[in-house]
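# Structural description and commentary
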Amino acid sequence: MSTGTPASGPGRPATHVPPPEGAGPAPGTTVLGADDVGRALTRIAHEVVERNKGVDDVVLLGIPTRGLPLARRLAQRLAQVEHVPAEGLVGSLDVTMHRDDLAHQPTRTIGETYVPGDGIDGKVVVLVDDVLYSGRTIRAALDAISDLGRPRAVQLAVLVDRGHRELPIRADYVGKNLPTATAERVRVLLAEIDGEDRVVIEGAGR
Amino acid sequence: MRHLLSAADLDRDEAVLVLDTAGQMAATQAREIKKLPTLRGRTVVNLFFEDSTRTRISFETAAKRLSADVINFSAKGSSVSKGESLKDTALTLQAMGADAVVIRHQASGAPHTLAYSGWTHGAVVNAGDGMHQHPTQALLDAYTLRRHLVGDGGRADATGRDLAGVHVAIVGDVLHSRVARSNVQLLRTLGARVTLVAPPTLVPVGVHSWPAEVSYDLDEVLATGPDAVMMLRVQRERMSSAGGGFFPSPLEYTRGYGLDARRLAVLPDHAVVLHPGPMNRGLEISADAADSPRAVIVEQVANGVAVRMAVLYLLLAGGEPGARTGDGQGRTHVRTDETRAHA
C-alpha cells in the first residue's frame, strides 16, 4: 500500500495552491440568484405546458428533499398558466429504497412517497429534482416509478445540470447547464428549506 | 443502531425514526408491487430456537419484501436437537455470510450473547428471548397506538411524533411477559403513561422500580379511561394449579382480568384494544372484545411486517463501518491469521 508522502512525487510538481479564501467553510460562488431561480422555473413551466399541450395528464413528482419544493413551485406556475388547481399536480417520490449505493453510505432516512389523484397509470410524469449529476438518483426514481404504476411517458426537469453523467440519462427541462469539475460541489438553496433561493458552487479551490 | 436487542436500546429520537420509517414501509405495502430492491444481496437468518409461526413469518415477509435472502433455521429437527451449541450454530451462520440474525431463544439474554460474543459479525435482532425482551413487538404496538391515538388518528399527521400523553393499560401475565417488559420501556421512552394490571401472583418482584404504575383491579383502571388496553396472553398450561398455581382457575382469572363486552363498554370511544396474539378467546379476552371494531389485533399483524421492514432497513442498509459482515472480510481475517502462523 503506498503511503501518500507528498514530497516524493517526481512527476508531480509541487503546485502548492496557496490556500485561498476557501480554506474555511467557503461561501462559494453564486451562480443563480433568487430571481434567476424564479425565471428558470417559469420557463420550465411553459416548456412543460408546450411540450405536453397542456397539463391534463401531467403529474409532477418531486424527489425529496429539494426536488419537492421545486415541484410545488412548478405546479403553481402551471396552475396559473393553465387555470387548474395546483394541488392535484404534485406528488412526492422518495427513491431511497431504490438506490444502488445504500451499502456504501450511512443509513438514509426514508422520505414520503405520495401520488396525487388516481395514480400515474397513463399519465405523463415529470420528475423534478434540484441537481442532475451522475444520473443514479434518476435511475432509482425510474425504478420507483415502475413500482407505482405505468406512466405513458416520464420526463425530467432539473434546476441545474452539472454534467458528469454515469448513466445514459438526460433532462428534458433544464434550468441552467452548469459545467463543473467533479471536485466541485453544487448546492441548491431553496427558501422553503434553507431560507433563501440561491445556487452555489463550492470547492475545487480555484 | 447496530443491533436491536432490547426496547431500552432506543432513545426517543431513534424510536420515532423507526416508527416513521415503518410508516413509509407500510405505505409501500399498499401498492400493487410490494417488493422493494433495498436489501438485495443481503442475507437474513431467522434463527428460531422456540416455536413461533407468527413472528417468524412476519420477519420472513419483511425481509423478503426488501429483497433480502432469507434462511429459516428452527431448532426443532436441526442439529441443535442433537446438542449443537448456540456458538457453533452462530459460527456456521457466519461462515454462510449472514448479514443479520433474527433470533428467538427461550433463554433470556441469548441475543445479547450472540451480539457481543464475536461469533457473528452481522446485526442481531431480538425476536423474543425468554421472559426478557421482544423489542419489535413493542415497536409494532407503539406504531399501532400512534396510528390510532396521535394526530387525530390520521396517519400522515403522526410522523415525527411520539406518544406523549397516551395512557396504556397492560393487562394480564406481566410476570412471564417479555411483551410487557419491552412495552413498558418503549412506551415510557415515547412519553406514554403505563399502568400494569395483573393478579398479585403475576406481578414480578421489583416491579416498583419499573417506570409504570401497578394495579390489581382491572375495573378500577378501566374507569380511569385509558386510551388503550393491551391484553397479554395467558398460558393456560402454566396457570392451572398443577402448573404453578398463579390463580385458582381460568374462570376466576376471566372474572377478574378478562376483557369482555361489559368492560369494553366502559372504555372511552377512542380507546383501542391490543393483543400480541395468539389469543385465548374466553380466557383473557372474550370473543366480543376480540372481534369488536376497536380491537386492532389483526392490524397489529400487518403493522408488524412494516415495523420489521423498518428495523431491517435501518440495521442493514447503511454503510457504517462494522455493520458490514461481508464474508470476504471474514476470509481476509482467516488468511491473515494463517499468514501470521506460517511466518
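So, a few notes on the structure that sits alongside this text.

Thresholds applied
Each chain carries its own residue numbering, running from 1 in the written order of its sequence. Throughout, the order in which chains and ligands are written sets their labels, letters from A for the former and numbers from 1 for the latter. Reporting in this predicted model follows two pLDDT cut-offs: at least 70 for local features of residues, and 80 or more for side-chain atom pairs to be given and counted; totals over whole chains, interfaces and linings ignore these cut-offs and use all residues. No hydrogens and no water enter the side-chain calculation; it runs on all heavy atoms of the structure. For each structure, a 1 Å grid was placed over the protein atoms alone; sets of points admitting a 1.4 Å probe that cannot get out are labelled cavities, open sets with protein on both sides within 12 Å along at least five of seven lines are labelled pockets, and lining residues have an atom within 4 Å of a point. Grid points are joined across faces, edges and corners, and a volume is the space filled by probe spheres set on the points. Only runs of H or I of at least four residues qualify as helices and only runs of E of at least two qualify as strands under DSSP, and these elements are numbered from the N terminus. Note that Gly is not counted as nonpolar here; it falls among the polar residues with everything else outside the nonpolar set of Ala, Val, Leu, Ile, Met, Phe, Trp, Tyr, Cys and Pro and the charged set of Asp, Glu, Lys and Arg. Helix axes use the C-alpha atoms of the stretch in contact, all axes being lines fitted to C-alpha atoms, and the angles between their N-to-C directions lie in the range 0 to 180 degrees. Left-handed describes a crossing in which the near helix is turned anticlockwise from the far one by less than a right angle; the clockwise case is right-handed. Residue contacts follow a heavy-atom distance rule, with two residues in contact if any of their heavy atoms lie within 4.5 Å. Comment on the angle field: the value is read as roughly parallel under 35 degrees, roughly antiparallel over 145, roughly perpendicular from 65 to 115, and oblique elsewhere. Accessible area that two parts lose when put together, evaluated with a 1.4 Å probe and summed over both, is termed the buried area. By definition here, a salt bridge exists when the distance from a side-chain nitrogen of Lys or Arg to a carboxyl oxygen of Asp or Glu is within 4 Å. We call two N or O atoms a polar contact when they sit within 3.5 Å, provided that within protein one can donate a hydrogen and the other can accept it, with sequence-adjacent residues counted only if both atoms are side-chain atoms. Each residue's exposure class comes from its accessible area (1.4 Å probe, protein chains only) as a fraction of the maximum for that residue type: buried when under 20%, exposed when over 50%, partly exposed otherwise. Positive charges are assigned to Lys and Arg, negative charges to Asp and Glu, while His and the chain termini are left out of the count.

Scanning all chains against the criterion turns up one cavity of 30 Å³ or more. Looking at the largest cavity, its volume works out to about 80 Å³. Residue lining of the largest cavity: Leu 93, Asp 94, Met 97, His 98, Gly 111, Thr 113, Ala 144 and Leu 148 of chain A together with Gln 24, Thr 28, Arg 31 and Leu 36 of chain B, and that is the complete set. Only helix H3 (136–148) of chain A together with helix H1 (12–28) of chain B provide two or more residues apiece to the lining of the largest cavity. Its residues assigned to classes, the lining of the largest cavity comprises five nonpolar, five polar and two charged.

So, about the packing of H1 of chain B against helix H12 (residues 297–316) of chain B. Residue and element names in this part refer to chain B. The geometry of H1 relative to H12 is characterised by a closest axis approach of 8 Å and an angle of 115° between their N-to-C directions. Considering the relative orientation of H1 and H12, their crossing is right-handed. On H12, the residues that touch Leu 17, Val 18, Thr 21, Ala 22, Met 25, Ala 26 and Thr 28 of H1 are Ala 306, Val 307, Met 309, Ala 310, Val 311, Tyr 313 and Leu 314. For the contact of H1 with H12, a count of residues per class yields 12 nonpolar, two polar and no charged.

All names here are of chain B. Look at H1 against helix H5 (residues 135–149): their axes get within 10 Å of each other, and the N-to-C directions meet at 70°. The orientation of H1 with respect to H5, classified from their angle, is roughly perpendicular. Where H1 approaches H5, its residues Val 16, Val 18, Leu 19, Asp 20, Ala 22, Gly 23 and Ala 26 are matched on the opposing element by Leu 139, Ala 142, Tyr 143 and Arg 146. Here the residues of the contact of H1 with H5 sort into eight nonpolar, one polar and two charged.

What follows deals with the interface of chain B and chain A. Contacts between the two partners involve 19 residues from chain B, matched on the other side by 18 residues from chain A. For the pair chain B and chain A, the two sides together bury roughly 1500 Å², of which 59% comes from carbon and sulfur. Sorting the residues of chain B by area buried against chain A places Gln 24, Arg 31 and Tyr 313 of chain B first, and these three jointly supply 35% of that buried surface. Where chain B touches chain A, the interface holds zero salt bridges. Where chain B meets chain A, there are two residue pairs in polar contact (both at pLDDT 80 or more). Contributions of two or more residues to the side of chain B that touches chain A are made by H1 and H12 of chain B.

So, on to the side chain of Asp 227 of chain B. Residues and elements named next belong to chain B. Position of Asp 227 relative to the elements: it lies in the loop between helix H7 (218–223) and strand S8 (228–231). Among buried charged residues, Asp 227 stands out as having no salt bridge; its nearest opposite-charge side chain is Arg 193, 7.2 Å away. A polar atom in the side chain of Asp 227 sits 2.8 Å from the backbone nitrogen of His 167. With residues near it in sequence (within four places) discarded, Asp 227 still touches Leu 149, Gly 165, Val 166, His 167, His 270, Ala 271 and Val 272.

This next bit is on the environment of Lys 76 of chain B. By the element assignment, Lys 76 of chain B lies in the loop between strand S2 (69–74) and helix H3 (86–95). As for Lys 76 of chain B and Glu 50 of chain B, which are separated by 26 residues in sequence, their C-alpha atoms are 8.4 Å apart.

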